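Listed below, chain by chain, are the residues.
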Amino acid sequence: MNEELLFSLMVDLHLEGERQGPGSSEETLRALAHSRLDTSSSLEVADIGCGTGASTLVLARNLPNSQITAVDLFPAFLDVLARRAEKDGVSNRIKGIEGSMDCLPFTEESFDLIWSEGAIYNIGFKKGIELWKPFLKIGGVLAVSEIMWLHPNPPTEIREHWEAEYPEIATAPEKIKSLEAAGYDLLGYSVLPPSNWITNYYAPTESRIPKFSARHVGVQEVEELIAMERQEAKLYEQYQNWFSYGFYVVVKR
Ligand code: SAH
């Protein structure tokens with residue numbers, strides 16, 4: 001499928017979603033606790049691949065003296081985030097920036113905390129953790145979620161699926177090793193539970209499909225995208241004991 005069309009259809013399907021990937025406020029807060037940051041201090045925070053702001057808004061509410069720069073490739077998501085921030089009364093502390101996570105317009109050592117949920121895979125984990133590190137102050141914290149194997153040696157069907165889709169998928173010990181090799185030390189780590197995938201992400205996405213379909217009657221690519229989304233949800237249901245998102249919270253050495 002033509003990439004531009006695929007992107008615009010994906011934005012349309014996910015624009016009204018509370019979140020654009022698996023996660024929850026509870027898990028965002030668990031990771032924030034792992035950061036050991038003083039939540040009342042005035043922190044400079046970046047949320048990279050923020051979507052419509054699921055994590056951005058939780059961070060804004062729980063870091064009441066902080067400034068958050070929220071970055072996404074798609075301005076439509078940032079518009080929704082701006083409206084949600086306004087409604088939550090936190091818009092003065094959130095600045096949306098349209099841009100790509102592999103070409104961030106930041107100055108070195110400017111952030112106390114870099115956050116990224118369900119998004120770093122767009123440029124790859126190893127590349128992302130290297131590229132973003134200079135923007136953290138020494139002692140600054142990176143909190144990042146990334147697809148993981150829960151156990152080694154997964155069944156062939158799911159292993160082949162992920163090796164084709166995202167070859168960087170790995171177990172937590174392998175991810176932690178990459179983080180340490182890139183110059184970070186582990187503060188804490190957690191795994192997203194199934195409700196964060198099914199209740200918070202796949203079920204709401206499925207419920208938006210009828211209207212999404214109706215907005216694009218006769219567009220072949222829409223059927224392809226729906227089939228892709230459903231296949232992904234089905235694989236998760238079937239193999240949820242084998243993969244999830246790991247949420248890694250690390251400090252820059
Ligand atoms: N963090 C949000 C969104 C996760 S979905 C949440 O947890 O709900 C991944 C997000 O990354 C999407 O919003 C997508 O638009 C964004 N994205 C994809 N490629 C990107 C890139 N190159 N640079 C910045 N954002 C990107």
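Predicted model only: the values in this text are computed from it and were never measured.

Participant: What's the story with the layout of surface pockets in this structure? I'm lost.
Facilitator: The gaps of empty space that remain are located by a probe, the size of a water molecule, rolled over the atoms. The calculated volume of the largest pocket comes to roughly 1,500 Å³. Along the wall of the largest pocket there are 44 residues; nearest its centre are Met10, Gln20, Gly118, Tyr121 and Asn122. A total of 6 residues in the lining of the largest pocket trace back to one element, the largest contributor, which is helix 1 (residues 3-14). Here the lining of the largest pocket is built from residues that sort into 24 nonpolar, 12 polar and 8 charged. Put simply, the second largest pocket is a space of about 300 Å³. Where the lining of the second largest pocket is concerned, the elements lending two or more residues are helix 2 (25-34), helix 3 (54-62) and helix 4 (75-88). No other element matches the 5 residues that helix 4 contributes to the lining of the second largest pocket. A breakdown of the residues in the lining of the second largest pocket according to their chemical character gives 4 nonpolar, 4 polar and 7 charged.

Participant: Help me understand the environment of Pro134, please; the structure alone is not making it clear to me.
Facilitator: Here Pro134 shows up in the loop between helix 5 (125-132) and strand 5 (136-149). A relative accessible area of 30% places Pro134 in the partly exposed class. Sequence spacing of Pro134 and Phe111 is 23 residues, and the spatial spacing of their C-alpha atoms is 9.4 Å. The contacts of Pro134, once residues within four sequence positions are left out, are Glu108, Glu109 and Lys252.

Participant: Please explain the packing of aromatic side chains as it appears in this structure.
Facilitator: Two aromatic rings, taken as a pair, are described by how far apart their centres are and by the angle between their planes. For the structure shown, the criterion picks out 16 aromatic pairs. Look at Tyr202 and Tyr236: their rings are 6.1 Å apart centre to centre, the planes differ by 40°, and that puts the pair in the tilted class. Placement of Tyr202 in helix 8 (residues 194-215) and of Tyr236 in helix 9 (residues 220-239) is noted, with a sequence separation of 34 residues between them. An identical accessibility class is assigned to Tyr202 and Tyr236; each is buried. Three or more aromatic residues joined by ring pairs form one cluster here, namely Trp162, Trp197, Tyr201, Tyr202, Tyr236, Phe243 and Tyr245.

Participant: Hey, could you run me through the nonpolar core in this one?
Facilitator: The tendency in soluble globular proteins is for nonpolar side chains to be buried as a group. Counting residues in hydrophobic clusters, the biggest one holds 67 residues, and the most contacted among them are Ile94, Ile114, Trp132, Leu142 and Phe243. With 8 residues, strand 5 is the largest single contributor of residues to this core. Not counting residues within four places of it along the chain, the set of residues in contact with Ile114 comprises Ala46, Ile48, Trp132, Phe135, Leu136, Val141, Leu142 and Ala143. Formed by 8 residues, the second largest nonpolar core is a distinct cluster that contains Leu13, Ile209, Phe212 and Leu225.

Reading the values: rules and limits
- Residues numbered from 1 in each chain as written.
- Predicted model: local features only at pLDDT ≥ 70, side-chain atom pairs only at ≥ 80, totals over all residues.
- Heavy atoms only, no water.
- 1 Å grid on protein atoms, 1.4 Å probe; cavity = no way out; pocket = protein on both sides within 12 Å on 5 of 7 lines; lining within 4 Å.
- Points joined across faces, edges and corners; volume = space filled by probe spheres on them.
- Helix = DSSP H or I, 4+ residues; strand = E, 2+ residues; numbered from the N terminus.
- Nonpolar A, V, L, I, M, F, W, Y, C, P; charged D, E, K, R; others polar.
- Buried < 20%, exposed > 50% of the residue type's maximum accessible area, 1.4 Å probe, protein only.
- Contact = heavy atoms within 4.5 Å.
- Phe/Tyr/Trp six-rings, centres within 6.5 Å; stacked < 30°, edge-to-face > 60°.
- Core = buried A, V, L, I, M, F, W, Y, C linked by side-chain atoms within 4.5 Å.

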